[in-house]
Amino acid sequence: MANKTWLITGTSTGFGRTLATFLAKQSNINLVATARNTKKLAYLNEFDHGQIQKLTLDVTNQQEIKSVVTQAQAKFGTIDVLVNNAGLGYFGTFEESNRDTVKYMFDVNVWGLVDMTRSVLPVMRQQKSGIIINFSSLAGLYSFPTLSFYSGTKYAIEGISEALSKEVTDCNIKVMLVEPSGFRTDWAGRSSDKALPKIADYQQFKQTIIDNAESAHHEPGDPEKAVQIIFDQVVNHTAELPLRLPLGKLSTDTAIDKYTKSLAHFKKLHDLSASADQPE
Ligand SMILES: NC(=O)c1ccc[n+]([C@@H]2O[C@H](COP(=O)([O-])OP(=O)(O)OC[C@H]3O[C@@H](n4cnc5c(N)ncnc54)[C@H](OP(=O)(O)O)[C@@H]3O)[C@@H](O)[C@H]2O)c1
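Predicted model only: the values in this text are computed from it and were never measured. (Residues numbered from 1 in each chain as written. Predicted model: local features only at pLDDT ≥ 70, side-chain atom pairs only at ≥ 80, totals over all residues. Heavy atoms only, no water.)

(A) Just unusual backbone geometry, in detail. Positive phi outside glycine occurs at Lys128, with the angle close to 60 degrees. With respect to the helices and strands, Lys128 occurs in the loop between helix H3 (99–127) and strand S6 (130–135). Looking at Lys128, the relative accessible area reads 58%, which means it is exposed. A positive phi is found at Asn172, a non-glycine position, where the angle reads about 65 degrees. Note on placement: Asn172 falls in the loop between helix H4 (148–167) and strand S7 (173–180). (Helix = DSSP H or I, 4+ residues; strand = E, 2+ residues; numbered from the N terminus. Buried < 20%, exposed > 50% of the residue type's maximum accessible area, 1.4 Å probe, protein only.)

Here you go:
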């Protein structure tokens, strides 16, 4: 059987690096590992037997996106799995968040993922197969104070991915959203800007932001276990690949609690909501 080609964004640290390392150890996989700075991919050198391609990619750079897709296709012929992993965080209250920083986070988390996916889709449609893995978050299911805009990026990709998955079903392309709770990566530390509240009314959230920053690299989630679960879903459960894959106890518990309460809420409002329609 031909090798499957995986293309991953943001493989310098965290989930991306852990997944790239895991895939580099598999004999039947071609790996396109991308990063803003490919010097950060030296960790892959020990595994390289000609099946690894290391490419420069800032997901906000359209030229680099096009170039990566062209080079990956030229080297390996196919792109079977696209992993949109690159992402940033931002902690701050809604009112005090820095507009430019937040807009840049949308450029990376939403438009980077969109542009990558749009560039790879023609390849996958031509192949009549493909899997797109989009890194969402528990924050894409549930919106916490001080994470309004980060959640905004993840809710955006949840909505985009859900419709996309329906549009590409007949092309034999599947989409999976990964929704982790806290995992030990660089996300809560260097990858998330923090705006401590200055307004007196929001002082209660100062400690929330400090606690989150201090939790960096002490989170309960283990990226190696996450990567094994993702790989197993893609390789062994392809036919029934879930659209949503919560990872970590907090993520799955929060999702169940939220949807249980939501179900009761929407049932309670059912007749009132339906009464807004024109009479048939
Ligand atoms: N860790 C968690 O608790 C958690 C929970 C839920 C969701 N997530 C999501 O998981 C994904 C991966 O994050 P992580 O946890 O592994 O954090 P991480 O260790 O900080 O990794 C983030 C990666 O994104 C890359 N990146 C940032 N901006 C980029 C850009 N413009 N172009 C290309 N790459 C860029 C970083 O590259 P540089 O080295 O160049 O900065 C780095 O490789 C993100 O989408 C994040 O939102 C994480």
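Let's pick the thread back up.
(B) Local environment of the environment of Phe231. Along the chain, the position of Phe231 falls in helix H6 (residues 223–236). Classification of Phe231 by relative accessible area gives buried; the value is 14%. Separated by 209 residues in the primary sequence, Phe231 and Phe22 have C-alpha atoms spaced 9.1 Å apart. Ignoring anything within four residues of it in the chain, the contact list for Phe231 reads Trp6, Phe22, Leu23, Gln26, Ile29 and Asn236. (Contact = heavy atoms within 4.5 Å.)

(C) Summary view of helix H7 (residues 249–268). Spanning 20 residues, H7 covers 29 Å between terminal C-alpha atoms, matching the ideal 28 Å at 1.5 Å per step. The complete set of buried residues in H7 reads Ser251, Thr254, Ala255 and Ser262. Down the axis of H7, the buried set is contained in an arc of 100 degrees. They therefore lie on one face. Turned more than 90 degrees from where H7 packs its buried face, Lys249, Ile256, Thr260, Lys261, Leu263, Lys267 and Lys268 sit exposed. (Expected span 1.5 Å × (residues − 1). Arc of directions from axis to C-beta.)

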